[in-house]
Amino acid sequence: MRVLQHEIDTQARKKILLSFPKNWEHRELTGRDYGIDLLVEVFNKTLPTGQMILIQLKGTEKNFQDQLYFDIPVNTLKYSYFFQHPVFLMVCPINDINNQVYYLWLQEYIDVVLDFEKPKWRDNKKTVRLFFPKENIVQNRIDHLEFVAEHPKRLKEFCKLARICSELEYLLDEFDSLDFLCPIDTEEEIKQIISKSEKILDKIKLEIDEIYTLNSLRKLFPEIEDQVLTQTNDLILKLKVEVDIEKRYNLKEYFWNGNIVKPLLSILKNYNDVRRSRVLWEYDRTHNF
């Protein structure tokens, strides 16, 4: 015997699929249901991107716009947190004449909301109540879904950026160890120092060039292109041709303390800080879930 909720969810599934762009590819998941109903791959026009979102779908006959909350099993919520790919709870009010579908990025909601407001939610016996931001309507925010789908790629690029920053710090210390300001007696000693520094600068340039491959981060932070990459390449050229030792030292100091390395470290720190995301949610209602 088919229960009413199964019929509601079947109708909701059809409406949810129609709310996605036509070029997105969806796959039904078979086997035992642990809380994931659909896997959706985001396409760039006709080109696959490898970016996936996982969906737990729910249908309801209620006027969801008036309540904007849904009770979800604790085990389903715990299960969603295991994934690197974003997992969305999508709720479709099947009687809504506008066919609006509401969504919530579960992993981010857990980090920013539940773990702060209900820190013992994992001890609940059955369900947890989740509240949806009113603007989280699938049809109106396809760009946000595409952005979230890139999350695993961004995580990988953040790790690469962290390695680059660490290597830059090491190279700058090595650059500093050349003792530019110590008394130098001969022209040959000057040439040796300049030669060593140029080798270090070549290594720095290789690290900076790696940043050009971080396409998702450069799209997210355009200042990387304008303020970091352009300035760094100009600075390296100046360092290579500058023969005055003290000026070379001052240029090196600018590299570290100015607008090059520290902005990269700031990006790493701020964007991946859950506490910062929580503050934005508490005071500005700015969210990414």
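The structure reproduced in this document is the subject of the present report.

The rules we used
- Residues numbered from 1 in each chain as written.
- Predicted model: local features only at pLDDT ≥ 70, side-chain atom pairs only at ≥ 80, totals over all residues.
- Heavy atoms only, no water.
- Core = buried A, V, L, I, M, F, W, Y, C linked by side-chain atoms within 4.5 Å.
- Buried < 20%, exposed > 50% of the residue type's maximum accessible area, 1.4 Å probe, protein only.
- Contact = heavy atoms within 4.5 Å.
- Pairing = 2+ DSSP bridges.
- Helix = DSSP H or I, 4+ residues; strand = E, 2+ residues; numbered from the N terminus.
- Axes fitted to C-alpha atoms, helices over the stretch in contact; angles between N-to-C directions.

Here we take up the nonpolar core. Leu77, Met90, Leu130 and Phe132 are the most contacted members of the largest nonpolar core, which totals 51 residues. Beyond its immediate chain neighbours, meaning those up to four positions away, Phe132 contacts Phe64, Leu68, Tyr69, Phe70, Leu89, Val91, Tyr102, Tyr103 and Leu104. With 26 residues, the next largest nonpolar core counts Phe158, Leu161, Ile200 and Leu239 among its residues.

If you walk across this open sheet you meet the five strands as β1-β2-β3-β5-β6, and the pairing is mixed. The open sheet has two edge strands, β1 (25-28) and β6 (102-105), and neither has a second partner. Put simply, the sheet's adjacent strands are angled 30° from each other on average, direction ignored. The pairing of strand β3 (residues 47-60) with strand β5 (residues 87-93) spans seven bridges and is classified as parallel. Bridge assignment links Ile55 to a residue of β5, and that residue is Phe88. The sheet contacts of helix α3 (residues 106-117) involve β5 and β6, and relative to β6 the element is tilted by about 65°. Together, β2 (38-44), β3, β5 and β6 form the strand contacts of helix α4 (residues 142-149), whose direction differs from that of β3 by roughly 115°.

The phi angle at Lys45 is positive, at roughly 60°, despite the residue not being glycine. With a relative accessible area of 67%, Lys45 lands in the exposed category. A positive phi angle, close to 60°, is found at Arg285, a residue other than glycine. If you trace the backbone, Arg285 turns up in the segment after α11 (274-284).

With that settled, the discussion passes to the pairing of β5. A large share of β5 lies buried, amounting to seven of its seven residues. Where β5 and β6 come together, four bridges link them in antiparallel fashion. Each residue of the ladder has a partner; that of Phe88, found in β6, is Trp105.

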